[in-house]
Amino acid sequence: RAVDQELVLNTAREAKDKGVERFVIVSSTNADVSSRHMYMRVKGEVERDLRKMGFKRLDILQPGLLRGKRIDDPRAGEGIAQILSPILDPLMLGGLRDMRSIKAEVVAQSALALASRKAGGRFTHRNDGIIRAAREWPQEGEDA
């Protein structure tokens, strides 16, 4: 909770107090305040609390499994899931589509692109929306 909840909410409160109007957060697919799984419940609580803060624009990114290099990450399940994701992702259809893996770099590009949008409101972006938004961010070698 210290990192996934307290740090995020304290940062958001401080940003709001300093006049920041837009906030982008990377949450998780299946974030839900009533989840039996602590991680998903905490993510859901954070999303709920951020919605109450009154940012002019709030973008909540709910990616599936993040793919990318991890340093000193003891979670073997995550590593195995990353290895299997190229095989399993195409099989994840319908409601499972949002749980497909996604490159961490794509999520970061999406967050940057969404932070630049002018329209106000509260928006939740799952994998397909995250990928679409990332395409708006200039790629390496392109003019910004």
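Numbering of residues begins from 1 in every chain and follows the order in which that chain's sequence is written. The model is predicted, so local features are restricted to residues of pLDDT at least 70 and side-chain atom pairs to those at 80 or more, both for listing and for counting; the totals for chains, interfaces and linings are taken over all residues. Excluded from the side-chain calculations are hydrogens and water; all other atoms, namely the structure's heavy atoms, are used.

Draft legend 1. View of the side chain of Thr 29. Helix and strand definitions follow DSSP, with helices as H or I runs of at least four residues and strands as E runs of at least two, each counted in order from the N terminus. Looking at the element boundaries, Thr 29 is found in the loop between strand S1 (22–26) and helix H2 (38–51). When accessible area is computed with a 1.4 Å probe and restricted to protein chains, residues below 20% of their type maximum are described as buried, those above 50% as exposed, and intermediate ones as partly exposed. Judged by relative accessible area, which is 9%, Thr 29 ranks as buried. Residues in contact with Thr 29, not counting those within four places in the same chain, are Met 40, Gln 62, Pro 63, Gly 64, Asp 98 and Met 99. Note on definitions: a residue-residue contact is assigned when non-hydrogen atoms from the two residues lie within 4.5 Å.

Draft legend 2. Layout of a nonpolar patch on the surface. Patch membership requires over 30% relative accessible area and the absence of a salt bridge. Like charges are linked within 9 Å, and nonpolar side chains (Val, Leu, Ile, Met, Phe, Trp, Tyr) within 5 Å. A 1.4 Å probe and the Shrake-Rupley method give the accessible areas. Residues count as covered only by the protein chains that appear here. We count a salt bridge whenever a side-chain nitrogen from Lys or Arg sits within 4 Å of a carboxyl oxygen from Asp or Glu. Nonpolar side chains collect at one region of the surface, where Ile 80, Ile 83, Leu 84, Ile 87, Leu 88 and Leu 91 lie side by side and expose about 620 Å² of accessible area between them. Along the chain, Ile 83 falls in helix H3 (residues 76–88). Ile 83 gets classed as exposed once you look at its relative accessible area, which sits at 65%.

Draft legend 3. Structural view of the environment of Gly 120. In this structure, Gly 120 sits in the loop between helix H4 (104–115) and strand S5 (121–126). It is 9.8 Å that separates the C-alpha atoms of Gly 120 and Asp 59, two residues lying 61 residues apart in sequence.

Draft legend 4. Highlighting the packing of helix H1 (residues 2–17) against H2. The contact between H1 and H2 brings their axes to 9 Å, and the two run at 15 degrees. Taken together, the axis directions place H1 and H2 in an arrangement best described as roughly parallel. For the crossing formed where H1 meets H2, the hand is right-handed. Contacts between H1 and H2 involve Asp 4, Gln 5, Val 8, Leu 9 and Ala 12 from the former and Tyr 39, Val 42, Lys 43, Glu 45, Val 46, Asp 49 and Leu 50 from the latter. Lines fitted to C-alpha atoms define the axes here, with helix axes fitted over just the stretch in contact, and angles between the N-to-C directions of these axes take values from 0 to 180 degrees. Geometric relationships in this document are graded by angle, where less than 35 degrees denotes roughly parallel, more than 145 denotes roughly antiparallel, 65 to 115 denotes roughly perpendicular, and other angles denote oblique. Handedness of a crossing is defined here by the sense of rotation of the near helix relative to the far one, left-handed for an anticlockwise turn of less than a right angle and right-handed for a clockwise turn.

Draft legend 5. Expanded view of H1. Of the positions making up H1, those classed as buried are Gln 5, Leu 9, Ala 12 and Ala 15. Projected down its long axis, H1 carries its buried residues within an arc of 130 degrees, all on one side. Counted as exposed and oriented over 90 degrees from the buried face of H1: Ala 2, Val 3 and Asp 17. Looking at the buried positions of H1, the neighbouring elements they touch are S1 and H2. The first or second residue beyond H1 is Gly 19, which carries a positive phi of 95 degrees. Think of the arc as the fan of directions from the helix axis to the C-beta atoms.

Draft legend 6. Spatial organisation of the packing of aromatic side chains. Geometry of aromatic contacts follows a simple scheme: Phe, Tyr and Trp rings, the Trp one being its six-membered ring, pair when their centres are within 6.5 Å, and the pair is stacked under 30 degrees between planes, edge-to-face over 60, tilted otherwise. Across all of its chains, the model carries one aromatic pair by this definition. When the centroid spacing of 5.1 Å and the interplanar angle of 25 degrees are considered together, the rings of Phe 23 and Phe 55 count as stacked. Of this pair, Phe 23 sits in strand S1 while Phe 55 sits in the loop between H2 and strand S2 (57–62), and the two are 32 residues apart along the sequence. Each member of the pair, Phe 23 as well as Phe 55, carries the same accessibility label: buried. For a ring to carry a charge above it, either NZ of a lysine or CZ of an arginine must fall within 6 Å of the ring centroid while also lying within 35 degrees of the normal to the ring plane. Over the aromatic face of Phe 55 sits the side chain of Lys 16, whose NZ or CZ is 5.7 Å from the ring centroid.

That is the geometry; function is a separate question.
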